[in-house]
Amino acid sequence: MKRSIKALGVCLLAGTAAVTVTGCGKVNKDYDVYFFNQKSEIADSLNDLADEYEAQTGKKVKVFTVGTTEGSETMRSELKSKKYPTVFSSNAIAFEEWKSAGYAEGVDEISNPELKALYESVPDALKLQFEGEGNYGIPYNIEGYGLIADRQMLEDILGTTDLDAFIADYKEADYEEFQQMVTALNDYINDGRSESFTLNGSSYKTQSDKTDLTENLNGVFSIAGAEKWTYGNHFGNYPISTVYENVYDVRESAPDKADLMKSSIVKSLEELDFLSNYAAGPEGATKRGSQFINSTVTGYDQAVQTFAESKAIFIKNGNWTYSNIANIAPEVAERLVMLPMKLNFSDDDIHVDGLTVDQMNRSVPEFVSQYYIVNKKATEQEKKDAEDFLLWLNTSETGLDYIVNKFAFVPFNADEDTVLENPLSNDLITYKRDNCILANPFDAAPSSWGLESYGKYIMERNMEKYYKKWFKILNIPAAILFVVVILVPFIMGMAYSFTAWRGSYFKGSEHWYGALVGFKNYIKVFHSQKFITSFIYTIKF
């Protein structure tokens, strides 16, 4: 009996040990793909997408979403856990950490031939590279910015119903022609004068009469002058692009390469000086000065509203502005067009191989905020499932429907057959198709440089003319107060200290000159031990 009990005990212990060993060596996962997402605005749609994918393929996708603020710390923890993500998202800068740690599978390691071809089809400017080579991810979407206009507004000003010819000529125009156009538009707004200008050798003329739409105009540009990112991020990207090809070029180049930007930075400041002279506000033209950097007048929301209410011809912003404009004026949002920003550079300012001023003037910056990345450390089966999921997401009818309509993204592989609700996003597709895109190397600049250094400096520069013009006038009240309250009483006090002044009268005389006592008061006070103690105490503390 004892021998039987002992044998049973040995069996139970062995069984327990076996279970323990199995538990330590293998983790049960109730999913086939684990996707770690860092774009919180599409979290709900991603969960619905996972259900669709399981219904079509029988493969289950687990989706975990965090915001970009806390994403990196959570990602580190998840990647090191036993239930690690098999697909995760990252921007181009944070990606360096994941690649260095061995978590990113590159295009050469992709086993699915169709997905590998998709990786290879990503334009060079949009690739997720490491040390300037390879491609390690599929872009979530494309974002971009330029000079946005209302097509109907331009048609009314120019008296044409065929705006495509104007747009084509504008894209090929140089900076000097752009300046002529701006001054002609400004004359039309202020005086209703019909002015001629030339774009790409073609002549255009503003109308002599205003329409119900153009009657509202207060200026040529709606500028978010109160936002430091206006100058630092977007506008600052142009001079950086004359020297650096992309974010990787910024990160890997020698520090002294930045010296090459000096001429283009100076010229971009000169251009901003020009543009800001033609700014529109909600009640009229916005002049350089305190109003120009007042958030209640030229904040982002205010600048968008000024444009949406047809008080400005152009606004420099991105395709994401569409929804903001649509909330204010849906009819205007449907008529939007994105044009390239014209730049005050010469070919001598450009130090990127193959890039010219003409190409910059017909291109818009386009960039990727996040990428899908396959976890290289996953098992072979997990990587295969992850690759199949990414291919389905970016090529299947259901996946593309989610990207375009549910996520409201611009797919990187969109072609001429892709038609989106947002006309600005459609324009980005056209620029990409025509290879007229610039990268966004600004993203690799030190995080505080764009806003607190460059952007803040330009913002203060916009006050320069204001201060020079109004400095004396604005300081007159302060000067009067200083003289009356400080200077005059100080001089009177000094004069009275040499007299026998008793607070309300002069001892021994009706006039101060009859009560002069010389230095008698000073001699007396410096013989007072209480004064000396107080004097020393005041100086000491």
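Scope of this entry: the structure provided in the associated data block. Note that this is a predicted model, so its numbers are computed, not measured.

Secondary structure assignment for the chain yields 23 helices and 13 strands. Out of the 541 residues belonging to the chain, those deemed buried represent 47%. For the chain, restricting intrachain contacts to residue pairs at least 6 apart in sequence, the fraction spanning at least 24 positions comes to 72%. Seen as two clouds, the 52 positive and the 76 negative side-chain charges of the chain have centres 14 Å apart.

On to the packing of helix 6 (residues 151–158) against helix 7 (residues 163–172), then. Between two packed helices, the angle of one axis relative to the other and the distance separating the axes together describe the packing. As a packed pair, helix 6 and helix 7 sit with axes 10 Å apart at the nearest point and diverge in direction by 95 degrees. By the criterion of interaxial angle, the relationship of helix 6 to helix 7 is roughly perpendicular. In this structure, helix 6 contributes Arg151, Leu154, Glu155 and Leu158 to the contact, and helix 7 contributes Leu163, Asp164, Phe166 and Ile167. Across the contact of helix 6 with helix 7, the residue classes break down as five nonpolar, no polar and three charged.

In total, this model carries 27 aromatic pairs according to the counting rule given. Note on Tyr402 and Phe407: the rings are 6.3 Å apart at their centroids and 65 degrees apart in plane angle, and the pair reads as edge-to-face. Here the two residues Tyr402 and Phe407 agree in accessibility, since each one is buried. Among the aromatic residues, ring-to-ring pairing joins Phe35, Tyr53, Tyr140, Tyr372, Phe389, Trp392, Tyr402, Phe407 and Phe409 into one connected group.

On to the pattern of salt bridges. Overall, the coordinates contain 22 salt bridges when judged by the stated rule. A salt bridge links Asp388 to Lys384, with the shortest nitrogen-to-oxygen separation between them at 3.1 Å. Within this pair, Asp388 and its partner Lys384 are both found in helix 17 (residues 380–395), separated by four residues, close to a single helical turn. Sharing partners across several salt bridges, the network here consists of Asp187, Asp191, Arg193 and Glu195.

We now examine the packing of helix 2 (residues 43–57) against helix 17. Look at helix 2 against helix 17: their axes get within 12 Å of each other, and the N-to-C directions meet at 110 degrees. When the interaxial angle is binned, helix 2 and helix 17 end up roughly perpendicular. Two secondary-structure elements touch here, helix 2 through Leu49, Glu52, Tyr53 and Gln56 and helix 17 through Asp385, Asp388, Phe389, Trp392 and Leu393.

Of all hydrophobic cores here, the largest spans 120 residues; its most connected members are Phe166, Phe178, Met181, Phe221, Phe314, Tyr372 and Phe407. In terms of residues, this core owes the most to one element, helix 8 (residues 175–191), which gives eight residues. Counting residues in each nonpolar core, the second largest holds 21 residues, with Ile148, Ala224, Met338 and Cys436 among its members.

What follows concerns the sheet that holds strand 1 (residues 33–37). Spatial ordering of the open sheet is given by 2-1-3-12-4, a layout of five strands whose pairing is mixed. Bordering the open sheet on either side are strand 2 (61–65) and strand 4 (138–139), each of which pairs with just one other strand. Note that strand 3 (residues 87–90) and strand 12 (residues 371–374) share four bridges and pair antiparallel. When the sheet's bridge partners are listed, Ser89 is paired in strand 12 with Tyr372. The sheet strands contacting helix 2 are strand 1 and strand 2, and the helix crosses strand 2 at an angle near 175 degrees.

What follows concerns helix 13 (residues 300–308). Of the residues making up helix 13, those classed as buried are Tyr300, Ala303, Val304, Thr306, Phe307 and Ala308. Among the residues trailing helix 13, Ser310 stands out with phi positive, at a value near 60 degrees.

Let us now look at the environment of Asp273. Checked against the element boundaries, Asp273 lands in helix 11 (residues 262–275). By relative accessible area, which is 23% here, Asp273 ends up partly exposed. When the C-alpha positions of Asp273 and Tyr431 are compared, they lie 28 Å apart, and in sequence the two are 158 residues distant.

So, about the environment of Asn246. With respect to the secondary-structure elements, Asn246 resides in the loop between helix 9 (228–241) and helix 10 (247–252). In sequence terms Asn246 and Ala444 are 198 residues apart; their C-alpha atoms lie 8.4 Å from each other.

For a regular strand, side chains alternate in direction, first toward one face of the sheet and then toward the other. Burial of strand 3 is two-sided: the residues Val87 and Ser89 facing one way and the residues Phe88 and Ser90 facing the other way are all buried. Across two bridges, strand 1 lies against strand 3 in parallel orientation. Counterpart to Phe35 in the pairing with strand 3 is Val87.

Of the two faces of strand 10 (residues 336–339), the one holding Leu336 and Met338 and the one holding Val337 and Leu339 are both buried throughout. Direction of pairing for strand 5 (residues 143–150) relative to strand 10: antiparallel, over a ladder of four bridges. Opposite Ile148, over in strand 10, you have Met338 as the bridge partner.

Here helix 11 contains 14 residues, and its C-alpha end-to-end distance of 20 Å stays within 8% of the 20 Å for a straight helix at 1.5 Å per residue. Within helix 11 the residues assigned to the buried category are Ser264, Ile265, Ser268, Leu269, Glu271, Leu272, Phe274 and Leu275.

Once that is clear, we can look at the side chain of Asn375. With respect to the element layout, Asn375 can be found in the loop between strand 12 and helix 17. A distance of 2.8 Å separates the side chain of Asn375 from the backbone oxygen of Pro85, its partner in a polar contact. A polar side-chain atom of Asn375 sits 2.9 Å from the main-chain amide nitrogen of Lys377. Sequence-distant contacts of Asn375, that is, excluding residues within four places in its chain, are made with Leu79, Tyr84, Pro85, Thr86, Phe88, Tyr103 and Lys383.

Positive phi, close to 60 degrees, is recorded for Ser310, a residue that is not glycine. Examined against the element boundaries, Ser310 turns out to sit in the loop between helix 13 and strand 9 (312–318). What makes Ser310 buried here is its relative accessible area of 6%. Even without glycine at this site, Asn435 takes up a positive phi of about 55 degrees. Mapped onto the elements, Asn435 comes out in the loop between helix 19 (423–433) and strand 13 (437–438).

About the thresholds
- Per chain, residue numbering runs from 1 following the sequence as it is written.
- For a predicted model such as this one, the threshold for reporting local features is a pLDDT of at least 70, and the threshold for listing and counting side-chain atom pairs is 80 or more; totals across whole chains, interfaces and linings nevertheless cover every residue.
- The basis for the side-chain values is all heavy atoms of the structure; hydrogens and waters are excluded.
- Strands here are runs of E lasting at least two residues and helices are runs of H or I lasting at least four, both read from the DSSP assignment and numbered beginning at the N terminus.
- In this scheme, a residue with accessible area under 20% of its type's maximum is buried, one over 50% is exposed, and one in between is partly exposed, where area comes from a 1.4 Å probe on protein chains only.
- Residue contacts follow a heavy-atom distance rule, with two residues in contact if any of their heavy atoms lie within 4.5 Å.
- Counting rule for charge: Lys and Arg are taken as positive, Asp and Glu as negative, and neither His nor the chain ends is counted.
- One atom stands in for each charge, and that atom is NZ of Lys, CZ of Arg, CG of Asp or CD of Glu.
- To get an axis, a line is fitted to the C-alpha atoms, and for a helix only the part in contact is used. The angle between two axes follows their N-to-C directions and goes from 0 to 180 degrees.
- Here the angle decides the label: under 35 degrees means roughly parallel, over 145 means roughly antiparallel, 65 to 115 means roughly perpendicular, and every other value means oblique.
- In the scheme used here, Gly and all other residues not listed as nonpolar or charged are polar, with Ala, Val, Leu, Ile, Met, Phe, Trp, Tyr, Cys and Pro taken as nonpolar and Asp, Glu, Lys and Arg as charged.
- Working definition: a ring pair exists when centres of Phe, Tyr or Trp rings (six-membered ring for Trp) sit within 6.5 Å. Plane angles under 30 degrees give stacked, over 60 give edge-to-face, the rest tilted.
- Throughout this description, the term salt bridge denotes a Lys or Arg side-chain nitrogen within 4 Å of a carboxyl oxygen of Asp or Glu.
- The definition of a nonpolar core used throughout is a set of buried Ala, Val, Leu, Ile, Met, Phe, Trp, Tyr and Cys residues joined through side-chain atoms within 4.5 Å.
- Think of it this way: DSSP has to see at least two bridges between two strands before they count as a pair.
- Working rule for helices: expected span equals 1.5 Å times residues minus one.
- Polar contacts, as used here, are pairs of N or O atoms within 3.5 Å; protein pairs need one atom able to donate a hydrogen and one able to accept it. Residues neighboring in sequence count only if both atoms are side-chain atoms.

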